[in-house]
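The lines below spell out each chain.
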Amino acid sequence: DTEVTQTPKHLVMGMTNKKSLKCEQHMGHRAMYWYKQKAKKPPELMFVYSYEKLSINESVPSRFSPECPNSSLLNLHLHALQPEDSALYLCASSHAKEGGKLFFGSGTQLSVL
Amino acid sequence: GNSVTQMEGPVTLSEEAFLTINCTYTATGYPSLFWYVQYPGEGLQLLLKATKADDKGSNKGFEATYRKETTSFHLEKGSVQVSDSAVYFCALAGGTSYGKLTFGQGTILTVHP
């Protein structure tokens, strides 16, 4: 199994809603990532988890809250988002010592109204 | 800091034409270099990589050579197909980072029959 599975594929939420994005992989990878991608732009790193511990937070606003319950799952909790947060949110995983060789999910297309 | 510069796009070619997408980088130390591809509606996929100077990465007919003297990693394919239409991202990862990739801006490739 070489897949990273993300749910949901599409999400529309209001600015007062709370929602969560989910990501799962079964490749034994111990590093997992959240990226944000705006249309026609490269992905921007948000968070990195290594061995289930948060190792990088790229100064992301607190309305985004990551969680890594175990080595296979990664969540991104969303609360009080702004319309400018509308984007494609990509999850990725890798072996912890194989920097750069990432496996990406297909993403969640998020629209904030 | 690290940076990646890709040729401006978009690039439009006829089927069976030769493809070159230029990529140059700035980095400290000895980075690993990557090409990722993003097909419409999908996440990114690793296309090829090179980890040291003069390495040649290759996959699906695409090739790129790590040129330390010119700090370049240009992507080439001898004969493109319509199915190669996608966005191509050059990226680097420095040292032993946990996949903290630095991406170029991306090049949109469209191949016409």
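Data block above holds the structure.
So, a few notes on the structure that sits alongside this text. Remember, predicted model here, so these are calculated numbers, not experimental data.

A few words now on the state of the cysteines. Considering all chains together, one arrives at two disulfides over all chains under this definition. The side chain of C23 of chain A participates in a disulfide bridge whose partner is C91 of chain A; the two sulfur atoms lie 1.9 Å from each other. Looking down the S-S bond of the C23 of chain A and C91 of chain A bridge, the torsion is -70°, so its handedness is left-handed. Separated by 68 residues along the polypeptide, C23 of chain A in strand β3 (residues 18–25) and C91 of chain A in strand β9 (residues 87–94) bring together distant segments of the chain. The exposure class assigned to C23 of chain A is buried, which follows from its relative accessible area of 2%. The partner cysteine of C23 of chain B in its disulfide is C90 of chain B, sulfur to sulfur 1.9 Å. One disulfide, between C23 of chain B and C90 of chain B, carries an S-S torsion of -70° and so falls in the left-handed class. A residue pair is termed long-range when its members are at least 10 positions apart, and C23 of chain B in strand β4 (residues 23–26) and C90 of chain B in strand β10 (residues 86–93) qualify at 67 residues. As a non-bridged cysteine, C68 of chain A has C91 of chain A as the owner of its nearest cysteine sulfur, 9.1 Å distant.

It is worth spelling out unusual backbone geometry at this point. Residues and elements named next belong to chain A. Here the bond from T7 into P8 is cis, since omega is -10°, no more than 30 degrees from zero. Its location among the elements puts P8 in the loop between β1 (4–7) and β2 (10–13). The phi angle at K40 is positive, at roughly 65°, despite the residue not being glycine. Here K40 lies in the loop between β4 (31–37) and β5 (44–50). K40 sits in the exposed class, given a relative accessible area of 73%. A positive phi is found at S59, a non-glycine position, where the angle reads about 55°. By the element assignment, S59 lies in the loop between β6 (53–57) and β7 (64–70).

This paragraph deals with the interface of chain A and chain B. If you look at the interface, chain A gives 24 residues, while chain B gives 19 residues. The junction of chain A with chain B conceals about 1700 Å² of combined surface from both sides, 59% of it contributed by carbon and sulfur atoms. Summed over the shared surface of chain A and chain B, the result is one salt bridge. The partner of K100 of chain B in a salt bridge is E58 of chain A, with the nearest N and O atoms 3.2 Å apart. Applying the counting criterion to the chain A and chain B interface returns four residue pairs in polar contact (both at pLDDT 80 or more).

Before going further, it helps to spend a moment on the sheet that holds strand β7 (residues 56–59) of chain B. All names here are of chain B. Here we have four strands laid out as an open sheet, ordered β3-β9-β8-β7, and antiparallel in their pairing. Lying at the two open borders of the sheet, with one neighbouring strand each, are β3 (19–21) and β7. Going from strand to strand, the sheet's axes swing by 15° on average, the running direction of each strand aside. Across three bridges, β3 lies against strand β9 (residues 75–77) in antiparallel orientation. Within β9, the residue paired with I21 across the bridge is L75.

Thresholds applied
- Residues numbered from 1 in each chain as written.
- Chains lettered and ligands numbered in written order.
- Predicted model: local features only at pLDDT ≥ 70, side-chain atom pairs only at ≥ 80, totals over all residues.
- Heavy atoms only, no water.
- Disulfide = S-S within 2.5 Å.
- Helix = DSSP H or I, 4+ residues; strand = E, 2+ residues; numbered from the N terminus.
- Buried < 20%, exposed > 50% of the residue type's maximum accessible area, 1.4 Å probe, protein only.
- Contact = heavy atoms within 4.5 Å.
- Buried area = accessible area lost by both parts, 1.4 Å probe.
- Salt bridge = Lys/Arg side-chain N within 4 Å of Asp/Glu carboxyl O.
- Polar contact = N/O pair within 3.5 Å; in protein donor to acceptor, adjacent residues only side chain to side chain.
- Pairing = 2+ DSSP bridges.
- Axes fitted to C-alpha atoms, helices over the stretch in contact; angles between N-to-C directions.

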